[in-house]
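One-letter residues, chain by chain:
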Amino acid sequence: MATKNRVGGTEAVTGFMHNAQLSCNTNQDTPITLQVSAKAGDKWRLTKVVLPVSFQIVDDTPEIHIKTIGAPFYKAYRPEHGTQFSYDTVSRKLFIEGYLNKGRGDPYVICLSR
């Protein structure tokens, strides 16, 4: 459910990058340290843990890499079928939502903030 202060899709990732003042060139990693919260199913696995996160633009599509997030989560997130991005412009948080096990598992939510 979209609200007036939420942006979705690739615009969400680019909006977050713009607000965080990240300049990202094509095929170049741009690292930043962010607060990460992650929920799988109905269990919070991480709550406001400070982790390194890399942003990259590949073929005009933004990608997010979180190498230290751990199982059961993935290491890279990109706009694909089943993965949704939403950016809250008021609280300046980027939400990544999808399903584990390539769409066949529990839903997950990852929240990135400064």
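Refer to the structure above for everything that follows.
Residues numbered from 1 in each chain as written. Predicted model: local features only at pLDDT ≥ 70, side-chain atom pairs only at ≥ 80, totals over all residues. Heavy atoms only, no water.

1. Remarks on the sheet that holds strand β5 (residues 76–77)
The strand order β1-β6-β7-β8-β2-β3-β4-β5 describes an open sheet built from eight strands, whose pairing is antiparallel. The open sheet terminates on both sides in strands that have one partner only, identified here as β1 (6–8) and β5. Bridge count for strand β3 (residues 43–58) against strand β4 (residues 61–65) is five bridges, and the pairing is antiparallel. Across the sheet, residue isoleucine 57 finds its bridge partner in β4, namely proline 62. Packing against the sheet, helix α1 (residues 10–19) makes contact with β1, β2 (30–40), β3, β4, β6 (84–88), β7 (93–99) and β8 (107–113), and its axis sits at approximately 40 degrees to β6. (Pairing = 2+ DSSP bridges. Helix = DSSP H or I, 4+ residues; strand = E, 2+ residues; numbered from the N terminus. Contact = heavy atoms within 4.5 Å. Axes fitted to C-alpha atoms, helices over the stretch in contact; angles between N-to-C directions.)

2. Topic: the packing of aromatic side chains
One pass over the full model with this rule turns up two aromatic pairs. Relative to tyrosine 87, the ring of phenylalanine 16 has its centre 5.8 Å away and its plane inclined at 80 degrees; by these criteria the two rings are edge-to-face. Remark: tyrosine 87 occurs in strand β6 and phenylalanine 16 occurs in helix α1; sequence separation between them is 71 residues. Aromatic rings pair up to connect Phe16, Phe55 and Tyr87 into one cluster. (Phe/Tyr/Trp six-rings, centres within 6.5 Å; stacked < 30°, edge-to-face > 60°.)

3. Looking at α1
What α1 keeps buried is the set Ala12, Val13, Phe16 and Met17. In an axial view of α1, the angular spread of the buried residues amounts to 130 degrees, which keeps them on one side of the axis. (Buried < 20%, exposed > 50% of the residue type's maximum accessible area, 1.4 Å probe, protein only. Arc of directions from axis to C-beta.)

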